[in-house]
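Chain residues, written in single-letter form:
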Amino acid sequence: MVRSTMEPRERRSEALDAAALAVLDGERMRELAAWTALTLETASPVPFGAEILNTRTGTQLMRAHNAVAPEHDPSSHAEVRVIRLACKKLEGFSLSGYTLYTTCEPCPMCMACALWAGLDRVVYGATIEDANRFCRQIQIPATEVASRSDMTCTVDGPIEQEACVALFTHPNMQRAFKTWSSKR
């Protein structure tokens, strides 16, 4: 049995903080899913959206969608794009003190980028397995990528999984998947 060295009041406070964080994560993920869903009514819908927020204050720094097709760049995943944009805005390469929210669990490339950027946390909605039902994926969980690194980043998810999977199942997205070169 593991015993905590914290006093009961400290344990309650930590539990409240974790509960409050879970509520905030849910709100933020629902907002990100709703923002990403706006692409579903465009000519180039994507189910992948990401945003970076200040870990302490919750202030939004940057948002981005996947742009692989329009940019003709296989590395233009939402997570990589938002990290690039955030670093450019801050004029530095460290995102320590920030959290990445993403509608889908980061692929190994995106998770590695999050680690190199020094993000505090990565919070995701749909899982890699969810996405793989509709498009190709590299089957290495974000937690595994993080665990094989000497860099620290907390990975939390799935959060609001149903809302994020709905981005993949929307009829316009289903039609778009048929045109993707990475279709299954």
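Residues numbered from 1 in each chain as written. Predicted model: local features only at pLDDT ≥ 70, side-chain atom pairs only at ≥ 80, totals over all residues. Heavy atoms only, no water.

**Student:** So, the side chain of E105: which residues are in play, and what are the values?
**Tutor:** Within the element layout of this structure, E105 appears in the loop between β3 (98–104) and α4 (108–117). Of the side chains with opposite charge, R133 comes closest to the buried, unpaired E105, at an N-O distance of 12 Å. Here the side chain of E105 touches A142 through a polar contact of 2.9 Å, landing on its backbone nitrogen. Filtering out sequence-adjacent residues up to four positions away, E105 remains in contact with E79, Y124, A126, T127, I128, E129, P141 and A142. (Helix = DSSP H or I, 4+ residues; strand = E, 2+ residues; numbered from the N terminus. Buried < 20%, exposed > 50% of the residue type's maximum accessible area, 1.4 Å probe, protein only. Lys, Arg positive; Asp, Glu negative; His and termini not counted. Salt bridge = Lys/Arg side-chain N within 4 Å of Asp/Glu carboxyl O. Polar contact = N/O pair within 3.5 Å; in protein donor to acceptor, adjacent residues only side chain to side chain. Contact = heavy atoms within 4.5 Å.)

**Student:** Break down the nonpolar core for me, with residues and values.
**Tutor:** Among the nonpolar cores identified, the biggest contains 46 residues, and I52, I83, L95, M111 and F168 are the most heavily contacted of them. In this structure, I83 is in contact with I52, L95, C113, A114, A117 and L119, ignoring residues within four places of it in sequence. (Core = buried A, V, L, I, M, F, W, Y, C linked by side-chain atoms within 4.5 Å.)

**Student:** I'd like to hear about helix α7 (residues 161–169), residue by residue, with values.
**Tutor:** Restricting attention to buried positions, one finds in α7 the residues C164, V165, L167 and F168. All buried residues of α7 lie within an arc of 140 degrees about the axis, which places them on one face of the element. (Arc of directions from axis to C-beta.)

**Student:** A description of unusual backbone geometry should follow, citing residues and the corresponding values.
**Tutor:** At the junction of G157 and P158, the peptide bond is cis and its omega measures out at 0 degrees in the coordinates. Take P158: it is sitting in the loop between β5 (154–156) and α7. For E91, which is not glycine, the phi dihedral falls at a positive 55 degrees. Relative to the helices and strands, E91 is located in the loop between α3 (78–90) and β3.

**Student:** Kindly report on the sheet that holds β5, identifying the contributing residues and their values.
**Tutor:** Read across the open sheet, the five strands follow the order β2-β1-β3-β4-β5; overall the sheet is mixed. Whereas interior strands pair on both sides, the edge strands pair on one side only; in this sheet they are β2 (60–65) and β5. Across the sheet, the mean angle from the axis of one strand to that of its neighbour is 15 degrees, orientation sign disregarded. In the sheet, strand β1 (residues 49–54) pairs with β3 via five bridges, with the strands oriented antiparallel. Opposite A50, over in β3, you have T102 as the bridge partner. Along the sheet, α7 makes contact with β3 and β4 (121–126), crossing β4 at roughly 60 degrees. (Pairing = 2+ DSSP bridges. Axes fitted to C-alpha atoms, helices over the stretch in contact; angles between N-to-C directions.)

Purely geometric stuff here, so don't read any function into it on its own.
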